[in-house]
Amino acid sequence: AKNIDEIINYTKKTGIDVAITTNASTLNRILTEECLSSITWIKASVNGGNQKVYASIHHTKESDFEQVWNNLSQAIQLRNKHKLSTTIGVQMVLIPENIKTIKELCDCAVNAKVDYVVLKPYSQNPNSIDTIGKGFDTINFQESNWIENEIAPYNGKLNVIYRSRTASYLLEPERPYTKCQST
């Protein structure tokens, strides 16, 4: 939206918390200077720990990877300069193409000084036909101790949240419920 900064600031003035989930490719200095003080949190989807994997998954140019991290770094610098409370983090949905780039993603996150990284196992909606047979079920989360070992060195440097409980749910032969109660 052309006036997204105005919308964000107006929304906050009415008493509603504002949060943004973004790919961060257009999270530029102008936007952050105009409305970062009105945003409670920003979560960037970064589904690759290096340029090549990121570009392949996001269907974009490899140079966009650096742009995303530059944009996040600028937002964090601005937040710190103005002593704002905006939380800024990234999330990677774990799929076969990116699972081996977890450490690279965490290294980028430490360098950018983001507040957290979420590692979220991809889960297939049983009614979806779009991703069936595309290999998303090939990650063996039963042996996901190695993921916890990968992120262990970042303790104290970065808040890394691995959704291991989600991974354990994926190991269940069927859902423990018959109807989703979230709708």
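Note that the structure is predicted; figures quoted are calculated from it, not measured. (Residues numbered from 1 in each chain as written. Predicted model: local features only at pLDDT ≥ 70, side-chain atom pairs only at ≥ 80, totals over all residues. Heavy atoms only, no water.)

A.B. asks: Just checking my understanding: could you explain the overall build of the protein chain for this structure?
C.D. replies: Helix and strand counts for the protein chain stand at seven helices and five strands. Along its sequence from the N terminus, the protein chain presents helices and strands in the succession α-β-α-β-α-α-β-α-β-α-β-α. Split into buried and exposed, the 183 residues of the protein chain put 40% on the buried side. Taking the contacts inside the protein chain whose residues are at least 6 apart along the sequence as the reference set, 69% of them involve residues at least 24 apart. (Helix = DSSP H or I, 4+ residues; strand = E, 2+ residues; numbered from the N terminus. Buried < 20%, exposed > 50% of the residue type's maximum accessible area, 1.4 Å probe, protein only. Contact = heavy atoms within 4.5 Å.)

A.B. asks: Whenever I open this one, helix α3 (residues 51-58) confuses me. Can you help?
C.D. replies: For an α-helix, the turn length of 3.6 residues means that residues three or four places apart are oriented alike. Buried within α3 are the following residues: V53, Y54, A55 and I57. Considering only its buried residues, α3 is in contact with α4 (63-81). For α3, the capping residue at the N-terminal end is N50, with a side-chain oxygen 3.2 Å from the backbone nitrogen of K52. Backbone geometry just after α3 places H59 at a positive phi near 55°. (Polar contact = N/O pair within 3.5 Å; in protein donor to acceptor, adjacent residues only side chain to side chain.)

A.B. asks: Just to check I follow, could you spell out the packing of aromatic side chains for this structure?
C.D. replies: Each aromatic ring pair is characterised by the separation of its centres together with the angle its planes make. Taken as a whole, this structure holds two aromatic pairs when the rule is applied. Ring geometry for F65 versus W69: centroids 6.3 Å apart, planes at 70°, classification edge-to-face. One end of the pair is F65 and the other is W69, both in helix α4 and four residues apart, which spans about a single turn. By relative accessible area, which is 5% here, W69 ends up buried. Feature note: the residues Y54, F65 and W69 constitute an aromatic cluster, connected by ring pairs. When the ring centre of W146 is taken as reference, the NZ or CZ atom of K100 above it lies at 4.5 Å. (Phe/Tyr/Trp six-rings, centres within 6.5 Å; stacked < 30°, edge-to-face > 60°. Lys NZ or Arg CZ within 6 Å of the ring centre and 35° of its normal.)

A.B. asks: Looking at this model, I keep getting lost on α4. Mind explaining?
C.D. replies: Taking 1.5 Å of rise per residue, the 19 residues of α4 would be expected to cover 27 Å, and the 27 Å separating its terminal C-alpha atoms lies within 8% of that figure. Listed in full, the buried residues belonging to α4 are D64, F65, V68, W69, N71, L72, S73, A75, I76, L78 and R79. A positive backbone phi angle near 55° is found at K83, which sits one or two residues after α4. (Expected span 1.5 Å × (residues − 1).)

A.B. asks: Could you clarify how one ought to interpret the nonpolar core in this entry?
C.D. replies: When a protein is soluble and globular, its nonpolar side chains tend to lie buried together. The biggest cluster of nonpolar side chains holds 40 residues, and the ones touching the most others in it are V46, W69, L72, I102, V114 and L119. Those elements giving two or more residues to this core turn out to be α2 (29-35), β2 (41-45), α4, β3 (87-94), α5 (102-112), β4 (116-121), α6 (145-151) and β5 (159-162). Considering each element in turn, this core owes the most residues, seven residues, to α4. Ignoring any residue separated from it by four or fewer positions in sequence, one finds I102 in contact with M92, L94, L119, W146, I147 and I151. (Core = buried A, V, L, I, M, F, W, Y, C linked by side-chain atoms within 4.5 Å.)

A.B. asks: Explain the confidence of the model for the protein chain to me, please; I cannot follow it from the model alone.
C.D. replies: Atomic detail in the predicted coordinates should be set aside for any region of low pLDDT. Overall, the prediction assigns the protein chain a mean pLDDT of 85, with 78% of residues at 70 or greater. When mean pLDDT is taken per element in the protein chain, α5 scores highest with 97 and helix α7 (residues 164-170) scores lowest with 56. (pLDDT = per-residue confidence, 0-100.)

A.B. asks: I tried to follow the pattern of salt bridges on my own but got confused; where do I start?
C.D. replies: Two side chains of opposite charge can pair, provided their charged atoms sit close to one another. Inspection of every chain in the model, using the stated rule, returns three salt bridges. Across the pair D64 and K61 runs a salt bridge whose closest N-O atoms are separated by 3.9 Å. For D64, a relative accessible area of 16% puts it in the buried group. With a closest N to O distance of 2.5 Å, D115 and R79 form a salt bridge. Here R79 lies in helix α4 and D115 lies in the loop between α5 and β4, a separation of 36 residues in the sequence. (Salt bridge = Lys/Arg side-chain N within 4 Å of Asp/Glu carboxyl O.)

A.B. asks: Help me out: how do you make sense of the pairing of β3 in this one?
C.D. replies: On a regular strand, one side chain projects to one face of the sheet and the next to the other, so that they alternate. Here β3 lies mainly inside the structure; six of its eight residues are buried. Pairing geometry for β3 and β4, over six bridges, is parallel. Looking across to β4, one finds that Q91 is bridged to V118. Handedness of the β-α-β unit built from β3, α5 and β4 comes out right-handed. (Pairing = 2+ DSSP bridges. Right-handed = clockwise from strand over helix to strand, strands pointing away.)

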